[in-house]
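Report on the structure
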Amino acid sequence: MPLKFELGPGRMIGGSYPCFIIAEIGQNHQGDIEIAKKMIKMAKECGADCAKFQKSELEFKFNKRALERPYNSKHSWGKTYGDHKRHLEFSHEQYRQLQKYAKEVGIFFTASGMDEMAVEFLDELDVPFFKVASCDANNFPYLELTAKKGRPMVISSGMQSMATMRRVYQTVKEHNQNFTILQCTSAYPLDPEDVNLRVIAEYQKEFPDIPIGYSGHERGISITVAAVAMGAKVVERHVTLDKSWKGNDHEASLEPSELTELVRAIRLVERAQGTGIKQMLPCEKACHDKLGKSVVAKVVIPKGTVLSMDMLGVKVGEPKGVSPEDMGQLVGKAVTEDVEEDGSITPRMVDGYNNKG
């Protein structure tokens, strides 16, 4: 299986490719398609890679009693939960309009398919990848159906155990090679103590042949940036135009200024990751030339003297001499010229010193 793959046309993830940033609009659009369009444009302007929604076919996601139960929350858009969800659910035609708008704006567009029929519609819509919400991570018939579609998959893992996620991995892997698993804790907003970023490292060990990512519901951006520093190749954050709006997700969402700063911080961290090869870099030369230390003579050392450790010290010297790490190589070798007390011992002064470059 690939540690890197194409998540959307022309956009690779994993390996050394930039972290793929998903702006989760979800249902923070208040059921208003014009607000939804503004949020798509906002996601693009803030630098996100993808604008994501949540698509449900309500009669397939909820049973009759769940839709008919009273819903008296301050966040309610209707007297029953069904009325509330119907207010927030876009039609197939509206989804086509949003997809077209996202293409015009120049940002990837997809949605979490919240039930099997929603997955069928999203497949027909030709989304670049399927997002699997945490509530379906242990829905194995759903996972198998979705994996068999052949599109890349991004799978959140809130509310699941490692044993369940091993089974998720095996189930999806059997049918689809291109997927990523995101560490996630399903609480809104999420307290830092419950984020459990260390699971990212555990996933990297458990599933070493797929990219690992992070879906966050915490306040602010710092934890998500830390997830990228730990190797997250996909991150997802809820976004909103106004945290004070009606809806459970707004409090755990990022406003435009925060999303902009998140993208900036992630790209900065990526630049700082480096190669993992520890060596003196060209940018350090000026500091080394000014403050790098050299071997110096503690005493006057006449020409022909065989060096011993008690003759040698370390100081910032002018000119630059032998590096302190090579001091041991000088012991037992003779100097080819007189060395004054406190003078730098340069490579050319020592007979047989093997680092004279």
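Residues numbered from 1 in each chain as written. Predicted model: local features only at pLDDT ≥ 70, side-chain atom pairs only at ≥ 80, totals over all residues. Heavy atoms only, no water.

The name given to the chain in an unreviewed UniProt entry is N-acetylneuraminate-9-phosphate synthase, with Hucho hucho as the source organism. The heading Catalytic activity (unreviewed entry) in the UniProt record of the chain holds the text "aldehydo-N-acetyl-D-mannosamine 6-phosphate + phosphoenolpyruvate + H2O = N-acetylneuraminate 9-phosphate + phosphate". Regarding the chain, the UniProt comment filed under Function (unreviewed entry) reads as follows: "Contributes to protect fish blood from freezing at subzero sea water temperatures. Lowers the blood freezing point. Binds to nascent ice crystals and prevents further growth." (UniProt positions renumbered as here; feature names shortened; annotations may be inferred.)

This next bit is on the pattern of salt bridges. With the rule as written, the count across this model stands at 27 salt bridges. Residue Glu337 is joined to Arg348 by a salt bridge in which the shortest nitrogen-to-oxygen separation is 2.7 Å. Taken together, the residues span a long stretch of sequence, with Glu337 in the segment after α13 (327–330) and Arg348 in the segment after α13 at a distance of eleven residues. Three or more residues joined by partner-sharing salt bridges are found here, namely Glu120, Asp123, Asp126, Lys149 and Arg151. (Salt bridge = Lys/Arg side-chain N within 4 Å of Asp/Glu carboxyl O. Helix = DSSP H or I, 4+ residues; strand = E, 2+ residues; numbered from the N terminus.)

For the rest of this paragraph, the subject is the domain arrangement of the chain. Domain boundaries in the chain define domain 1 (9–273) and domain 2 (282–344). The C-alpha centroid of domain 2 is placed 60 Å from the C-alpha centroid of domain 1. (Domains from an automatic or database assignment.)

Take Asp326: it is sitting in the loop between β12 (312–315) and α13. Lys333 is the oppositely charged side chain nearest to the buried, salt-bridge-free Asp326, at an N-O distance of 10 Å. (Buried < 20%, exposed > 50% of the residue type's maximum accessible area, 1.4 Å probe, protein only. Lys, Arg positive; Asp, Glu negative; His and termini not counted.)

Let's shift gears to the packing of helix α8 (residues 162–173) against helix α9 (residues 198–206). Running from N to C, α8 and α9 point in directions that differ by 45°, and their axes come no closer than 12 Å. Taken as axis vectors, α8 and α9 run oblique relative to one another. For α8 against α9, the interelement crossing comes out right-handed. Side by side, α8 and α9 meet where Met162, Met165 and Arg166 of the first sit next to Glu202, Tyr203 and Glu206 of the second. Each residue belonging to the contact of α8 with α9 can be placed in one class, and the counts come to three nonpolar, no polar and three charged. (Axes fitted to C-alpha atoms, helices over the stretch in contact; angles between N-to-C directions. Parallel < 35°, antiparallel > 145°, perpendicular 65-115°, else oblique. Left-handed = near helix turned anticlockwise from the far one by under 90°. Contact = heavy atoms within 4.5 Å. Nonpolar A, V, L, I, M, F, W, Y, C, P; charged D, E, K, R; others polar.)

Here we come to α9. When we look at burial in α9, the residues that qualify are Val199, Ile200 and Tyr203. Buried residues of α9, seen end-on, are gathered within an arc of 105° and therefore sit on one face of the element. In this structure, α9 carries Arg198 and Lys205 as exposed residues pointing more than 90 degrees from its buried face. Buried-residue contacts for α9 involve α8, β8 (179–184), β9 (212–216) and α10 (222–229). (Arc of directions from axis to C-beta.)

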